[in-house]
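# Working through the structure, step by step
In case you want the letters, here they are:
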Amino acid sequence: MSFKKKGFQVSFSWLFAIIAGIFILFLAIYISVKVISNQSYEVDTTTAKEIEILLNPLETGFEEKSSTTMTTATDTRIYNHCYTFGNFGEQGLQVAQKSFGKWSDAGAEIKFQNKYIFSNEIIEGKNFYLFSQKFEYPFKVADLIILLSPEKEYCFLNAPEKVLDDSEVFPKNVKLIDCSSDAVRVCFDSGSNCDIKVNMFSETVEKNEEKLYFSDELLYAAIFSDEEIYECQVKRLMKRASELSELYLKKAVLVKQDGCDSNVDGELTQFADLTEDFESSENFRILERFMIELKDKNDLSICRLW
Amino acid sequence: MVNKKAQLKIQQMAFMLIAVTLFFILVGLFVLGIKLSGLKKQANILEDESSLAILSKLANSPEFSCGEAFYSGKTNCVDEAKILALKNKKEYFEENFWGVAAIEIKKIYPEKKSIVIYEDNSQSKKYNSNFVNLCKKQVDSDGNVYDKCEIAELLVASKENEI
């Protein structure tokens with residue numbers, strides 16, 4: 001009995017070529033995946049920087065309030081970060097975009113100090129609403145930027161006259177009538193089934209069982225932003241108010257040398273200290289009186305500082 | 001004899017593999033070089049756009065603007081006393097508050113004078129400028145306070161990355 005062994009013979013060069021081919025192919029796939037992910041990281045980072053640049057013209061100058069829309073090429077997620085360290089704190093922006101139905105990892109964080117963006121921590125959409133407003137306390141401190149996602153509708157109920165006057169510049173998703181059933185209900189002073197309660201007398205906004213205090217122009221910022229973002233940005237605003245108070249004190253000295261006394265040095269020094277020690281929005285209750293006093297004194301001066 | 005032939009083939013294949021890998025590395029380096037120069041170019045464009053955008057709003061920012069301290073020339077009006085005070089406020093420049101490489105004011109008329117508010121130590125800068133009113137309070141011999149405004153140029157520089 002004999003067995004004939006039949007084998008499949010592969011020459012060495014074929015075997016080597018197959019192994020080398022597989023190696024090169026995998027290397028190419030790995031590099032392509034890396035390049036694509038790097039590219040999406042680059043696009044996300046560039047978009048974040050471009051958003052920062054786009055926000056510049058929004059800062060109103062002499063206009064009280066203005067609004068506009070911002071459209072991105074694909075569905076975009078904007079991460080709003082706020083930090084309070086240093087003399088002015090920092091505003092951070094990170095962007096992630098949807099490609100092939102999947103969210104990319106967020107790009108590098110773009111940080112800047114001279115802007116104050118009030119929003120939720122993550123805002124998602126393609127067409128974003130931007131609402132900007134001047135913030136004076138008692139001198140102009142900054143322009144506030146309120147960033148809203150089109151996916152959330154807000155319904156203002158029993159809005160007071162002051163709010164109704166601003167309705168012309170409200171973004172499209174802020175409604176006073178014909179609200180949808182899933183809209184966020186914002187009740188002014190009274191109302192039922194409210195998601196957000198605004199008390200115009202005590203200047204407070206209640207949401208998610210937390211109370212935020214506001215000062216006049218910060219009303220919309222308190223309504224539309226997350227509690228943490230609001231508290232952080234307000235603290236940053238007060239840091240800048242403190243630095244500006246010191247700048248006005250230096251200006252007062254220079255103006256006095258030219259023979260023009262503004263007479264607000266005492267109040268300004270006190271205001272600089274109070275704003276520097278600002279801890280949370282609750283401090284507005286103490287600060288308000290000093291702010292009004294300072295404003296009145298400057299308004300009456302022949303050599304007004306601001 | 002067979003052994004020698006196989007060894008030769010291994011050598012041939014090894015050289016081929018090294019050559020192919022080297023080729024891919026070179027192509028990769030070439031592509032990376034082009035991409036990096038593109039990135040730097042894009043970074044420069046973004047820096048420049050940013051400085052232009054800042055220039056347009058700087059004159060109206062609270063650290064520069066006249067506000068309601070003067071009775072005329074509200075838009076694009078820079079308060080001279082404020083900028084002289086700002087020059088000595090290192091807090092703004094330690095953290096580069098506006099994110100620019102330099103800020104300067106050049107008086108044009110009636111007198112010519114330059115006030116450098118801030119300048120970092122970067123080698124290459126690109127300047128953009130805008131015309132502004134430069135105002136200050138003055139007191140005449142009778143003790144009356146009046147506003148003195150001059151024409152000036154506000155210059156803002158962005159950092160230039162070397163390509």
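Quick caveat: nothing in here was measured; it's all calculated off a predicted structure. (Residues numbered from 1 in each chain as written. Chains lettered and ligands numbered in written order. Predicted model: local features only at pLDDT ≥ 70, side-chain atom pairs only at ≥ 80, totals over all residues.)

A few words now on the overall build of chain B. A tally of helices and strands in chain B yields 3 helices and 5 strands. Against the 2.2 N^0.38 benchmark of 15 Å for 163 residues, chain B shows a C-alpha radius of gyration of 29 Å, more extended than a compact globule. For chain B, the spread of C-alpha atoms along the three principal axes comes to 115 × 25 × 25 Å. Expressed as a percentage of its 163 residues, the buried residues of chain B come to 27%. Looking at chain B alone, contacts between residues at least 24 apart form 64% of all its contacts between residues at least 6 apart. (Helix = DSSP H or I, 4+ residues; strand = E, 2+ residues; numbered from the N terminus. Rg over C-alpha atoms; globule rule 2.2 N^0.38 Å. Buried ≥ 20, exposed ≤ 12 C-beta atoms within 10 Å, placed from the backbone. Contact = placed C-beta atoms within 7 Å.)

Moving on, we get to the interface of chain B and chain A. At the interface, 38 residues of chain B touch 39 residues of chain A. Tallying contributions element by element places helix 1 (residues 2-58) of chain B first for the side of chain B that touches chain A, with 14 residues. The residue inventory of the side of chain B that touches chain A, partitioned by class, reads 17 nonpolar, 10 polar and 11 charged. (Nonpolar A, V, L, I, M, F, W, Y, C, P; charged D, E, K, R; others polar.)

What follows is about unusual backbone geometry. Among all residues save glycine, negative phi is the norm, and among peptide bonds the norm is trans. All names here are of chain A. Backbone torsion omega between Y137 and P138 reads -15°, so that peptide bond is classified as cis. Looking at the element boundaries, P138 is found in the loop between strand 6 (122-136) and strand 7 (140-148). Its identity as a non-glycine residue notwithstanding, N208 has a phi of 45°, on the positive side. Inspection of the secondary structure assignment puts N208 in the loop between strand 12 (204-207) and strand 13 (210-213). With 8 C-beta atoms counted inside 10 Å, the residue N208 sits in the exposed group. Non-glycine residue E209 carries a positive phi angle of around 60°. Tracing the sequence through the fold places E209 in the loop between strand 12 and strand 13. Classification of E209 by C-beta neighbours within 10 Å gives exposed; the count is 6.

Residue and element names in this part refer to chain A. Between the first and last C-alpha of helix 6 (residues 284-300) there are 24 Å, a value that for 17 residues agrees with the 24 Å anticipated at 1.5 Å per step. Restricting attention to buried positions, one finds in helix 6 the residues F284, M291, L294 and N298. With its buried residues spanning 90° around the axis, helix 6 presents them on a single face. Away from its buried face, by an angle of more than 90 degrees, helix 6 presents the exposed residues I286, R289, I292 and L300. Those residues of helix 6 that are buried lie in contact with strand 13 and helix 5 (265-276). (Expected span 1.5 Å × (residues − 1). Arc of directions from axis to C-beta.)

What follows deals with the nonpolar core. In this structure, A:F118, A:I145, A:I146, A:A221, B:V78 and B:L154 are the most contacted members of the largest nonpolar core, which totals 101 residues. The dominant element in this core, judged by the number of residues it contributes, is helix 4 (residues 227-257) of chain A, at 12 residues. Split by domain, the residues of this core number at least three in each of domain 1 (18-151) and domain 2 (233-300) of chain A. For A:A221, the contacting residues outside a window of four places in its chain are A:F118, A:L144, A:I146 and A:Y230. (Core = buried A, V, L, I, M, F, W, Y, C linked by C-beta atoms within 7 Å. Domains from an automatic or database assignment.)

Attention now goes to the packing of helix 4 of chain A against helix 5 of chain A. All names here are of chain A. Where helix 4 meets helix 5, the axes come as close as 8 Å, and the angle between the chain directions of the two elements is 155°. By the angle class used here, helix 4 and helix 5 are roughly antiparallel. Our pair here, helix 4 against helix 5, has a crossing hand that is left-handed. Across the interface between the two elements, M238, A241, S242, S245, E246, Y248, L249 and A252 from helix 4 touch D265, L268, T269, F271, A272, T275 and E276 from helix 5. Residues that form the contact of helix 4 with helix 5 fall into these classes: 8 nonpolar, 4 polar and 3 charged. (Axes fitted to C-alpha atoms, helices over the stretch in contact; angles between N-to-C directions. Parallel < 35°, antiparallel > 145°, perpendicular 65-115°, else oblique. Left-handed = near helix turned anticlockwise from the far one by under 90°.)

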